[in-house]
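# Fold and geometry: a report
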Amino acid sequence: MRHTKKQFEAEFPDDDACLEAVFQDRFGDLKFCPKCAAETKFYRVKSRQCYACKWCSYQLFPLADTIFRKTTTPLKDWFYAVYLFSVAKNGVSAKELERHLGVTYKTAWRMAGQIRKLMQQDGDILAGDVEIDETYIGGTRRMANKYSNKSAVFGAVERNGRASAEHVKSTGARVLLPEIEGHIAAGAHIHSDEWGAYRTLKRRGYSHTTVNHSKLEYVRGSAYTNTIEGFWSQLKRSIDGTYHAVSPKYLQSYVDEFVFRYNFRGVAVGPVLLERALKPI
Ligand SMILES: [Zn+2]
């Protein structure tokens, strides 16, 4: 999928064009019929979402096992929703989808959730120079303990590389150390602030440099955490601006979305999302 709405409309003018794209993606290379084994061509069966072998009428359903199966929403609306997500750097709210597609809010909410699932993190292990940090999202500031109803998120970002982030129960060592060991390769050079939970990293096979933020020591040679701080500010700006209040239940899916956007920065994400959407589930 390209970048302008005009290009989108030219490429996917209607449901049939979308189905044909799905068919080509999944079965475009198929030369022989899986049923009669003859060399064949598959033709579109009118008014059904399937293609049939020209010899034995064996049917292929391109949408089977994908997030588009059994949907009553027109395929073009789905493609357009994916397009909107692909061009919106700060995400797309269900309200915006409702307005753009002319579907109900409930449908828009469900579609947005499905599309966000395509952006789930794939458990990449980060390596090299990795900045780590924890932050708090949501809640109100008026509580006695300023973090008490905020959700904690732990994140790690390779310098010039990939990110990973998880909604965590707390920012104690018992929670964060398994996160670090699960997401960062042994031997990596970790950069962090002086948060106590990170104190034992050297003993755990990492090299570790700290920045003392309380002494306004933000940059000391290579000891800085500006990369992850940039990631947090983009995440918070998007959640505040597009999604407003995010309940803890859905926070991980929003975190996943912005990790995905970060990891695919500079790439047209429309085709990436569609490819993921067409993977059998
Ligand atoms: Zn056949």
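For the structure, see preceding data.
An account of the accompanying structure is given in this report. (Residues numbered from 1 in each chain as written. Predicted model: local features only at pLDDT ≥ 70, side-chain atom pairs only at ≥ 80, totals over all residues. Heavy atoms only, no water.)

### Side note on the packing of aromatic side chains
Scanning all chains against the criterion turns up 16 aromatic pairs. Measuring from ring centre to ring centre gives 4.7 Å for phenylalanine 260 and phenylalanine 264, while their planes differ by 35°; the resulting arrangement is tilted. Grouping aromatic residues by their ring pairs yields a cluster made of Phe8, Phe12, Phe68, Trp78, Phe79, Tyr80 and Tyr83. If you follow arginine 265 out to its NZ or CZ, it ends over the ring of tyrosine 262, 4.2 Å from the centre. (Phe/Tyr/Trp six-rings, centres within 6.5 Å; stacked < 30°, edge-to-face > 60°. Lys NZ or Arg CZ within 6 Å of the ring centre and 35° of its normal.)

### Structural notes on the coordination of the zinc ion
Surrounding the zinc ion are the protein donor atoms Cys33 (SG), Cys36 (SG), Cys53 (SG) and Cys56 (SG), which sit 2.3 to 2.4 Å from the metal. Taken together, the four donor atoms coordinating the zinc ion and their angles of 104 to 114° define a geometry best described as tetrahedral. One chain supplies every donor for the zinc ion, spaced along it as C-x2-C-x16-C-x2-C. Note that cysteine 33 is positioned in the loop between α2 (15-27) and β1 (42-45) and cysteine 53 in strand β2 (residues 50-53), a separation of 20 residues in sequence. The burial state of cysteine 33 is the same as that of cysteine 53; both residues are buried. (Donors = N, O, S within 2.8 Å, 3.2 Å for Na, K, Ca; no water. Tetrahedral: all angles 85-135°; square planar, octahedral: opposite > 155°, others 65-115°. Helix = DSSP H or I, 4+ residues; strand = E, 2+ residues; numbered from the N terminus. Buried < 20%, exposed > 50% of the residue type's maximum accessible area, 1.4 Å probe, protein only.)

### Some thoughts on helix α3 (residues 75-87)
Given a rise of 1.5 Å per residue, 13 residues ought to cover 18 Å, and the 19 Å separating the end C-alpha atoms of α3 matches this to within 8%. The buried count for α3 comes to 12 of 13 residues, which makes it a mostly enclosed element. Among the residues of α3, those classed as buried are Leu75, Lys76, Asp77, Trp78, Phe79, Tyr80, Ala81, Val82, Tyr83, Leu84, Phe85 and Ser86. (Expected span 1.5 Å × (residues − 1).)

### A word on the sheet that holds strand β5 (residues 151-158)
With mixed pairing, five strands are arranged side by side in an open sheet as β6-β5-β4-β7-β8. Here the strands that pair on one side only, and so sit at the sheet edges, are β6 (163-168) and β8 (207-211). Geometrically, the sheet is characterised by an average inter-axis angle of 25° between neighbouring strands, direction not taken into account. Contacting β4 (129-137), β5 and β6, helix α7 (residues 226-243) runs over the sheet at an angle of about 35° to β4. Strands β4, β5 and β6 of the sheet are contacted by helix α8 (residues 248-263), whose axis makes an angle of about 175° with β6. (Pairing = 2+ DSSP bridges. Axes fitted to C-alpha atoms, helices over the stretch in contact; angles between N-to-C directions. Contact = heavy atoms within 4.5 Å.)

### Remarks on the layout of surface pockets
Taking a probe equal in size to a water molecule and rolling it over the atoms shows the remaining empty space. For the second largest pocket, the calculated volume is near 280 Å³. Taken together, 15 residues form the lining of the second largest pocket, with Lys89, Arg261, Tyr262, Phe264 and Arg265 sitting closest to its centre. Going through the elements one at a time, α3, α7 and α8 are the ones with two or more residues in the lining of the second largest pocket. Within the lining of the second largest pocket, the residues separate by chemical class into eight nonpolar, four polar and three charged. (1 Å grid on protein atoms, 1.4 Å probe; cavity = no way out; pocket = protein on both sides within 12 Å on 5 of 7 lines; lining within 4 Å. Points joined across faces, edges and corners; volume = space filled by probe spheres on them. Nonpolar A, V, L, I, M, F, W, Y, C, P; charged D, E, K, R; others polar.)

### Side note on the pairing of β1
Two strands pair when backbone bridges link them, and β1 and β2 are joined in this way by four bridges, in the antiparallel orientation. Its bridge partner being in β2, tyrosine 43 is matched across the sheet by alanine 52. Two successive antiparallel strands, β1 and β2, enclose a turn made up of four residues, where serine 47 displays a positive phi of approximately 60°.

### Regarding the environment of glutamate 11
Within the fold, glutamate 11 resides in helix α1 (residues 5-11). A relative accessible area of 31% places glutamate 11 in the partly exposed class. With 10 residues separating them in the primary sequence, glutamate 11 and alanine 21 have C-alpha atoms 9.3 Å apart.

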